[in-house]
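Below, each chain spelled out in residue letters.
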Amino acid sequence: MSNGFVWRRAVRSPHFGLVAGAFLLAVAPLGRARAQVAGGDGYLVGVPNGSVTFRGGWALASASSDLFSFTTNNLTLSKRDFSSPTVGADVAFRLHPRTDLVFSATWAGMNKSSEFRKYIDNNNLPIEQRTSFDRVPLTVSLKYYLVDRGRSIGRLAWIPTRIAPYIGAGGGAEWYRFQQQGDFVDFQSQNLDVFGATLESHGWAPTAHAYIGAEFSLDPRFAFVTEARYGWSKAPLSGDFTGFDRIDLSGFSTTAGIAVRF
């Protein structure tokens, strides 16, 4: 999968705007923080009030519920096909020298073509379809730094720590959409008829997560951030997928990005 395809796929997602909007709202405080300029000797004038982070990476889907088992048993898909690129934005507000309150919006989505493993149509052609799976968690968390993230020199100067590891946990709500579009076998019909359809389930569910990461200061204002996160969530299926257990939205992700202190 090329980087260009990943970016076009992200931008076409109807809920990519949630992430982009969160990022645009997040950078608004930067304009009001112009008085807090970087000093010439590697320091900020004043302690930062928070940070804005834009990050991207890879989201591994757990895909452990029966809907995924049914799909992978019948179609030429595997569980790893439900993993996908992910992008996200975080807005952190300083509560304490080592603690931040963090608001996050993240998107992860895949779109794969497939065909039935054991069946062909009346023309001896594959029975083809496409499957997409999108997840958009909107969360609030507490982030705790394991070391002091910087030190004050005198009354004004603040110098960031070169490496600041952290841990965090939180929760919120997660939107999902599972969609299959194309041709399908009607297992309830006597002749196993083939029909065309768009099958979809979507909705919201509670979610919780925990993460560990580190900030690597590039200069007083900017830092490189890397993070590993696991999220837990399950949602009831609706629409065309009634009769299945709740869909598993859980998964592990690794991301990297740039943080801007304000």
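Procedures and definitions
- Chains are numbered independently. Their residues run from 1 in the order of the written sequence.
- The predicted origin of the model limits local features to residues at a pLDDT of at least 70 and limits the giving and counting of side-chain atom pairs to 80 or more, whereas totals for whole chains, interfaces and linings rest on all residues.
- Only hydrogens and water are removed before side-chain values are computed, so all heavy atoms of the structure are retained for them.
- Starting at the N terminus, helices and strands are each numbered in turn, a helix being any DSSP run of H or I of at least four residues and a strand any DSSP run of E of at least two.
- Using a 1.4 Å probe on the protein chains alone, a residue whose accessible area is under 20% of its type maximum counts as buried, one over 50% counts as exposed, and one in between counts as partly exposed.
- Reported accessibility uses the Shrake-Rupley method at a 1.4 Å probe radius. Residues are deemed covered only where the shown protein chains occlude them.
- Surface patches are defined over residues having more than 30% relative accessible area and no salt bridge, joining like charges when they lie within 9 Å and nonpolar side chains (Val, Leu, Ile, Met, Phe, Trp, Tyr) when within 5 Å.
- Each reported salt bridge corresponds to a side-chain nitrogen of Lys or Arg within 4 Å of a carboxyl oxygen of Asp or Glu.
- Only strands joined by at least two bridges in the DSSP assignment are considered to pair.
- Note on geometry: axes are C-alpha line fits, over the in-contact stretch for helices, and angles between N-to-C directions span 0 to 180 degrees.
- Contacts are residue-level and defined by heavy atoms, with any inter-residue pair within 4.5 Å sufficient.
- For our purposes a nonpolar core is just a set of buried Ala, Val, Leu, Ile, Met, Phe, Trp, Tyr and Cys residues, chained together by side-chain atoms within 4.5 Å.
- Any Phe, Tyr or Trp ring, taking Trp's six-membered ring, that has another such ring centre within 6.5 Å forms a pair; planes under 30 degrees apart are called stacked, those over 60 apart edge-to-face, and the others tilted.

1. A word on the overall build of the protein chain
Reasoning step 1: Scanning the protein chain for helices and strands turns up three helices and 13 strands.
Reasoning step 2: Here the protein chain holds 262 residues, and 45% of them are scored as buried.
Reasoning step 3: Carbon and sulfur atoms form 57% of the exposed surface of the protein chain, whose accessible area is close to 13200 Å².

2. Digging into a nonpolar patch on the surface
Reasoning step 1: Together, Tyr 144, Leu 146, Ile 167 and Ile 212 make up an exposed nonpolar region whose accessible area comes to about 350 Å².
Reasoning step 2: Relative to the elements of secondary structure, Tyr 144 occurs in strand β5 (residues 126–145).
Reasoning step 3: Tyr 144 gets classed as partly exposed once you look at its relative accessible area, which sits at 37%.

3. Quick notes on the sheet that holds β5
Reasoning step 1: The eight strands lie next to each other as β2-β3-β4-β5-β8-β9-β10-β13, forming a closed barrel whose pairing is antiparallel. Averaged over all pairs of adjacent strands, the angle between strand axes in this sheet comes to 25°, irrespective of strand direction.
Reasoning step 2: Sheet topology places strand β2 (residues 50–61) next to strand β3 (residues 84–96); 10 bridges connect them, and they run antiparallel. Residue pairing in the sheet places Ser 51 in a bridge with Ala 92 of β3.
Reasoning step 3: In the packing of helix α3 (residues 66–74) onto the sheet, contacts are made with β4 (99–120), β5 and β8 (163–185), and the angle to β4 comes to roughly 35°.

4. Some points on the sheet that holds strand β7 (residues 157–160)
Reasoning step 1: Read across the open sheet, the three strands follow the order β1-β7-β6; overall the sheet is antiparallel. Either end of the sheet is taken by a strand with one partner, and the two such strands are β1 (44–45) and β6 (150–153).
Reasoning step 2: Sheet topology places β1 next to β7; two bridges connect them, and they run antiparallel. For Val 45, the partnering residue across the bridge sits in β7 and is Ala 157.

5. Structural notes on the nonpolar core
Reasoning step 1: Ranked by internal contacts, the top residues of the largest apolar core, which has 22 residues, are Phe 68, Phe 82, Phe 133, Tyr 176, Phe 178, Ile 247 and Leu 249.
Reasoning step 2: At four residues, the largest contribution of residues to this core is made by β8.
Reasoning step 3: Setting aside residues up to four positions removed in sequence, Tyr 176 forms contacts with Asp 134, Ser 201, His 202, Gly 203, Ala 235, Pro 236, Leu 237, Ser 238, Ile 247 and Leu 249.
Reasoning step 4: Of all hydrophobic cores here, the second largest spans nine residues; its members include Tyr 145, Ala 164, Val 225 and Ala 259.

6. What about the pairing of strand β9 (residues 194–217)?
Reasoning step 1: Taken together, the 23 bridges between β8 and β9 define a ladder with antiparallel strand orientation. Bridge pairing in β9 places Arg 177 opposite His 202.
Reasoning step 2: One ladder, built from 10 bridges, connects β9 with strand β10 (residues 222–232); its direction is antiparallel. Bridge pairing in β10 links Phe 216 to Phe 224.
Reasoning step 3: The antiparallel hairpin formed by β9 and β10 contains four residues in its connecting segment.

7. Describing unusual backbone geometry
Reasoning step 1: Even without being glycine, Asn 124 reaches a positive phi, approximately 60°.
Reasoning step 2: In this structure, Leu 192 takes a positive phi of about 50° despite not being glycine.

8. Considering α3
Reasoning step 1: Of all the positions in α3, only Leu 67, Phe 68, Thr 71, Thr 72 and Asn 74 are classed as buried.
Reasoning step 2: Contacts made by the buried residues of α3 are with β4, β5, β8 and β12 (247–248).

9. Comments concerning the packing of aromatic side chains
Reasoning step 1: Throughout the structure, instances matching the rule amount to 20 aromatic pairs.
Reasoning step 2: Arranged with centres 6.5 Å apart and planes meeting at 85°, the rings of Phe 70 and Phe 187 form a pair that is edge-to-face. Note that Phe 70 is positioned in helix α3 and Phe 187 in the loop between β8 and β9, a separation of 117 residues in sequence.
Reasoning step 3: Using a relative accessible area of 39% as the deciding quantity, one classes Phe 70 as partly exposed.
Reasoning step 4: Judged by relative accessible area, Phe 187 falls into the partly exposed class, the value being 34%.
Reasoning step 5: Relative to Phe 224, the ring of Phe 216 lies with its centre 6.3 Å away and its plane at 45°, an arrangement referred to as tilted.
Reasoning step 6: A residue is classified by how much of its surface remains accessible, and Phe 216, at 29% relative accessible area, is partly exposed.

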